[in-house]
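Listed here are the chains, written in short residue letters.
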Amino acid sequence: MKWYPYGHDFGNAEIGGVTVINGKTVSLSIPTAFAKVDTVALRNLGVNVEQSNVHVMQLEDEEAAYAIGDLALQQSIDAYHGRGDIQRYASRFSLRSLLTVAATLIPDAEFGIYVVTGLPAETYIKNAALRLAIKEALDGTYTFTLNDEKTPRRVVVEVATVVMEGAGALIAYNDRSSNKMTESAVIDIGGRTTDLYVARGQVPVVEYCKGKPVGVEMATQMMMDSFENKYDRPLSLLEAREIMHAYAAQAQGEIARYPEISSYGQTIGHYELERLVTEAVTQVGSEIVSFVASAWRQSDRDAVAASFKPVLNIGGGVFYFYNFLKKRIPHLSRPDDPVHANCIGYCTLAGRLLIRKVQSSSGSSSNGSSASIRIF
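Residues numbered from 1 in each chain as written. Predicted model: local features only at pLDDT ≥ 70, side-chain atom pairs only at ≥ 80, totals over all residues. Heavy atoms only, no water.

Draft legend 1. Up close: the pairing of strand β6 (residues 65-68). The alternating pattern of β6 places Ala65 and Ala67 and Tyr66 and Ile68 on opposite faces, both of which are buried. Both strand β4 (residues 34-37) and β6 contribute to a ladder of four bridges, which runs antiparallel. Residue pairing for β6: valine 37 is matched across the bridge by alanine 65. Alignment of strand β5 (residues 56-59) against β6, held across two bridges, turns out to be antiparallel. Bridge pairing in β6 places valine 56 opposite alanine 67. Hairpin connection from β5 to β6: five residues lie between these consecutive antiparallel strands. (Buried < 20%, exposed > 50% of the residue type's maximum accessible area, 1.4 Å probe, protein only. Helix = DSSP H or I, 4+ residues; strand = E, 2+ residues; numbered from the N terminus. Pairing = 2+ DSSP bridges.)

The following block contains the structure:
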């Protein structure tokens, strides 16, 4: 059986996974949304469960199949996302998401994944027991079907370690030639939280590692509330997500394609949708900047993160709030793939740890025990 290093990010808004296949790093993100579905009914409705953007999985020991990601948002008005429940990291939903993304990326019918995942800084510091719970919840051998496959998949999961979110990005993007006394920093803006991570060398500086429940989803909810107040009908989560994505694309200089939204037969103009999003993003952006400035203020001359190098902005919130932060932290930078920045680092660390494990197993084999592990 072949083993792969794997970075797992069970985010509030997005599920991310990164692995290495034949020397190439591959990644995937899908919305954090789960809904029980009847696959026969889906087919009768004309849903092709074999499409690349459709994810339906069923564990061998469960009667229910789950749509995960976009299909869950399309088929359920009350999809599970686990927001606000810190134990979700050690839940069956985290396991389902891990297996779904890994099996989508890795075509093998049978394989093993050596997993590194992360927790928000404050949760990591204050809840050491959760790290053990994550390993207990995810470790194991699982048989399941993905997208109604005729041949079940068999995947062995072993959690190598759990680290602070932000550490992954520094593993992936920090300059290793930097002075070991230099403090490196990460601002990770996700769906529901903004997490700050600072490390000196490879050791976290606890006083600078903080979190606040503010992120893209807060702006999304503000926009949804404003829309409902003005047009007397709520937006669905899928509609809201499409509007936010259009705004993010426009902020990156891409062509913005806002969805067609109507209320009581009246089509809502794209400029009006853009105005509602802009107002919400600006308000939340100001709150995020204030949080970062107060947490990393280093002088009465308003020096914010002045001694940190680099200062990375990662997470899906980069597409909405980077420009607000850049005005306050001029040396702020963003990686090419901010969404998967942590996951890429997690996968890199998982690869190193997997190689050590294989080398250790090889040493044991030479002393009389048997070991046979194939890796990526």
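Draft legend 2. Just the packing of aromatic side chains, in detail. Scanning the model with the defined rule gives eleven aromatic pairs in all. Ring centres 5.1 Å apart and planes at 75 degrees place the aromatic pair tyrosine 208 and phenylalanine 308 in the edge-to-face group. Here phenylalanine 308 lies in strand β16 (residues 308-314) and tyrosine 208 lies in the loop between β12 (203-204) and β13 (210-212), a separation of 100 residues in the sequence. Here tyrosine 208 falls in the buried class, since its relative accessible area comes to 14%. Taking relative accessible area as the criterion, phenylalanine 308 reaches 1% and is therefore assigned buried. Their ring planes at 5 degrees and their centres at 6.0 Å tell us that tyrosine 247 and tyrosine 320 sit as a pair that is stacked. (Phe/Tyr/Trp six-rings, centres within 6.5 Å; stacked < 30°, edge-to-face > 60°.)

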